[in-house]
Amino acid sequence: MSATAEEKAHGSGSETSSTHQLEIYERHRGWRGIYYHTATQVCLVGFVCFMCPGMFNALTGLGAGGQVDATSSANANAALYATFAFFAFFSGSVHNVLGPRLCLLLGTWGYSLYIASYLATNIHPGAGDFVVVAGAMLGVCAALVWTAQGSLMMAYPTEAQKGTFIGYFWAIFNLGGVVGSAVAFGSNYNSTANKVGNGTYIGFLILTLTGVILPLFLADPYKMIRTDGTRVTPIRHPSWKTEFISLFVALRTDPWIVLLFPMFFASNYFYTWQFNDYNGALFNIRTRGLNNFVYWTAQIFGSFFIGHFVLDLRRYRRRVRAFMGWSIVVVFVFSVHLWSYYYQLTYTRISDPPTAVKMDIHDPGYPAHVWLMIFYGLLDSMWQTTAYWLMGAMSNDPAKLAVFTGFYKCFQSAGSAVVWRLDAVQKPYMDIFISTWVLAAAGMICAFPLVYARVKDYTEMDDEALLARPNVERLPQPGPSEKK
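Residues numbered from 1 in each chain as written. Predicted model: local features only at pLDDT ≥ 70, side-chain atom pairs only at ≥ 80, totals over all residues. Heavy atoms only, no water.

A few words on the overall build of the protein. Looking only at helices and strands, the protein has 18 helices and two strands in total. Looking at the 484 residues of the protein, the share that counts as buried comes to 60%. Sequence separation of at least 24 residues holds for 87% of the intrachain contacts in the protein that already meet a minimum separation of 6. About 18,100 Å² of surface is accessible on the protein, with carbon and sulfur atoms providing 68% of the total. (Helix = DSSP H or I, 4+ residues; strand = E, 2+ residues; numbered from the N terminus. Buried < 20%, exposed > 50% of the residue type's maximum accessible area, 1.4 Å probe, protein only. Contact = heavy atoms within 4.5 Å. Areas by Shrake-Rupley, 256 points an atom, 1.4 Å probe, with all protein chains shown as cover.)

Here it is, written out as structure tokens:
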């Protein structure tokens, strides 16, 4: 049975309300069919994020950005997420004017600058302020990258494919963290210092510059046809004023999204404790590199597991799958944080200063500690995949999804800015850990009413609020030859 036939047999195409029928278009064939396949394009977006945010994750996961003193890194991340939080609130509207390819092209430059700032710090130790400024500039750039990524990733698949496509993206994206971590581990394996060498930063810089070029190879999203023959919504707004109004239209017509804001806020909050206050605080540089490697490797498996085998499990209705995914994440939140609490009781900032002798990969207590990093990687990937899937279950309109993604990144970055600043001013590890646990639990509790009342088995046309707005300019529809 073909993919299209199978989707129709299960009643789960990109537009699944039985009372509304969308026109079906002929898909490209041959090499053009491969290039314009929605899975191919999502994978290309994944490789953009592999090269840029993936290298950023590899660097951040080392703890202190690979340095001994975490202060500059923490302040840079606080600046990064503060600007990210502000610009992400409006980035969905900016995306709908500039388009996803231009947003990705402009945004990826920020990652190269950020990596270069750490290289400058390694060469000139007094250049810590440059890292902070580069972090603030990256916040603006990252808002563009992640809004474009989220809109494309949620708009291209059919409803039956959303979890799987998110899993595809997350696996490729986190492979960047895996490769970057492997580079850091290999290049510093014999190092006795507690920071990475120049070669590691140069390798990361080359990879991020490669990522700047990749958006040029993405297809025009308005020429994309999903695997069930439905067309990705050909819509754009004519003015900046209309775009900013769309933020409030999305909130007014779909206020349930507010219940996901606590989940958004917590979604990057836990990185500070994981990377700086656990990985950076307890382990030497080569062990930090290995921990980073297994963390991002675990993310690949976690995202694909929950996306493909839970959220897109076709034997169950979409509402049932939503409850299953939510329940799995809740179990991981409490079990992993209970495990972490046991370790956090054993050390403080005073007992383990940056200059202390750190745990090595050959120490007898290391295996149990590295397993915690693996389970944190699984939790993080399942958390992010579930959040994207829930937003995708609320709409199929790329313009609306871009706004939702902007909300997501806005609150995610606000949480990150707060906790990185707390780390920079040397708040106790235990305080940061407890706040991380409480926010993660609160995020899942607040999401439950949305899962219960807002997630439907099918997306109705009434959910496409931005599509139905007046004064919206639509792109020309294809000619009769393109239709079936």
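Once the structure has been displayed, the description carries forward.
So, about the packing of aromatic side chains. With the rule as written, the count across this model stands at 48 aromatic pairs. With 6.1 Å between their ring centres and 55 degrees between their planes, Phe47 and Phe50 make a pair best called tilted. Of the two residues, Phe47 and Phe50 are both situated in helix H3 (residues 38-51); the distance of three residues between them amounts to about one turn of the helix. On the basis of relative accessible area, Phe47 is assigned to the partly exposed category, the value being 37%. Plain terms: the ring middles of Tyr114 and Tyr118 are 5.2 Å apart, the flat faces sit at 75 degrees to each other, and that makes the pair edge-to-face. (Phe/Tyr/Trp six-rings, centres within 6.5 Å; stacked < 30°, edge-to-face > 60°.)

Moving on: the pattern of salt bridges. Where charged atoms of side chains with opposite charge meet at close range, the side chains can pair. Taken as a whole, this structure holds seven salt bridges when the rule is applied. A salt bridge links Arg29 to Glu26, with the nearest nitrogen and oxygen atoms 2.8 Å apart. Judged by its relative accessible area of 65%, Arg29 is exposed. The exposure class of Glu26 is partly exposed, given its relative accessible area of 31%. Note that Asp457 is salt-bridged to Arg317, the shortest N-O span being 2.9 Å. Residue Asp457 is located in the loop between helix H18 (429-453) and strand S2 (473-474), and its partner Arg317 is located in the loop between helix H14 (285-311) and helix H15 (318-344); the two are separated by 140 residues in the primary sequence. Overall, Asp457 belongs to the partly exposed group, its relative accessible area being 26%. (Salt bridge = Lys/Arg side-chain N within 4 Å of Asp/Glu carboxyl O.)

A few words on the packing of helix H4 (residues 53-61) against helix H9 (residues 162-187). Packing of H4 against H9 leaves a shortest axis separation of 7 Å and a crossing angle of 45 degrees. Looking at the two axes, H4 sits oblique to H9. Where H4 crosses over H9, the two elements pack in a sense that is right-handed. Of the residues in H9, those touching H4 at Pro53, Gly54, Met55, Asn57 and Ala58 are Phe173, Gly176, Gly177, Gly180 and Ser181. Taken together, the residues of the contact of H4 with H9 break down into four nonpolar, six polar and no charged. (Axes fitted to C-alpha atoms, helices over the stretch in contact; angles between N-to-C directions. Parallel < 35°, antiparallel > 145°, perpendicular 65-115°, else oblique. Left-handed = near helix turned anticlockwise from the far one by under 90°. Nonpolar A, V, L, I, M, F, W, Y, C, P; charged D, E, K, R; others polar.)

Turning our attention to empty space enclosed by the protein. For the coordinates displayed, the defined rule picks out three cavities of 30 Å³ or more. For the largest cavity, the lining is made up of 22 residues, of which Asn57, Tyr81, Trp146, Asn268 and Tyr271 are closest to its centre. When contributions to the lining of the largest cavity are tallied by element, the ones reaching two or more residues are H4, helix H5 (71-98), helix H8 (128-155), H9, helix H13 (270-282), H14 and helix H17 (398-424). The leading source of residues in the lining of the largest cavity is H4, at four residues. (1 Å grid on protein atoms, 1.4 Å probe; cavity = no way out; pocket = protein on both sides within 12 Å on 5 of 7 lines; lining within 4 Å. Points joined across faces, edges and corners; volume = space filled by probe spheres on them.)

Time to look at H4. Buried residues dominate H4, accounting for nine of its nine residues. Trailing H4 by a residue or two, Gly63 shows a phi angle of about 80 degrees, which is positive.

This brings us to the side chain of Arg231. When you line up the elements, Arg231 lands in the loop between helix H10 (198-213) and strand S1 (235-236). The class for Arg231 is buried, based on a relative accessible area of 14%.

Turning next to the side chain of Thr38. Structurally, the position occupied by Thr38 is in helix H3. Taking the relative accessible area as the measure of exposure, Thr38 reaches 0% and is therefore buried. Setting aside anything within four residues of it in sequence, one finds Thr38 in contact with Tyr156, Phe165, Met224, Ile225, Arg226 and Thr227.

One non-glycine residue, Gln426, lies in positive phi territory at about 65 degrees. Of note, Gln426 is situated in the loop between H17 and H18. For Gln426, a relative accessible area of 45% puts it in the partly exposed group.

Moving on, we come to a nonpolar patch on the surface. A cluster of nonpolar side chains, namely Val97, Leu98, Leu102 and Leu106, defines an oily patch on the protein surface of about 270 Å² accessible area. When residues of the nonpolar patch are traced back to their parent elements, those giving at least two are H5 and helix H6 (100-107). Topologically, Leu106 is positioned in helix H6. On the accessibility criterion, Leu106 (42% relative accessible area) is partly exposed. (Patch = residues over 30% accessible without salt bridge, like charges linked within 9 Å, V, L, I, M, F, W, Y side chains within 5 Å.)

A few words on the packing of H15 against helix H16 (residues 366-394). Contact geometry for H15 and H16: axes closest at 9 Å, N-to-C directions at 150 degrees. Classified by the angle between their axes, H15 and H16 sit roughly antiparallel to one another. Between H15 and H16 the crossing geometry is left-handed. Partitioning the contact of H15 with H16 into residue classes produces 19 nonpolar, five polar and two charged.

Of the residues in the protein, 87% have a pLDDT of 70 or more, and the chain-wide mean is 85. This stretch, residues 234-238, has a pLDDT under 50; its non-local contacts, to residues over four places away or in other chains, come to 24 contacts. Across residues 470-484, where pLDDT falls below 50, the model places 31 contacts with residues more than four positions away in sequence or in other chains. (pLDDT = per-residue confidence, 0-100.)

Okay, the environment of Tyr118 next. Mapping Tyr118 onto the fold places it in helix H7 (residues 109-123). In this structure the C-alpha to C-alpha distance between Tyr118 and Leu59, which are 59 residues apart in sequence, comes to 9.6 Å.

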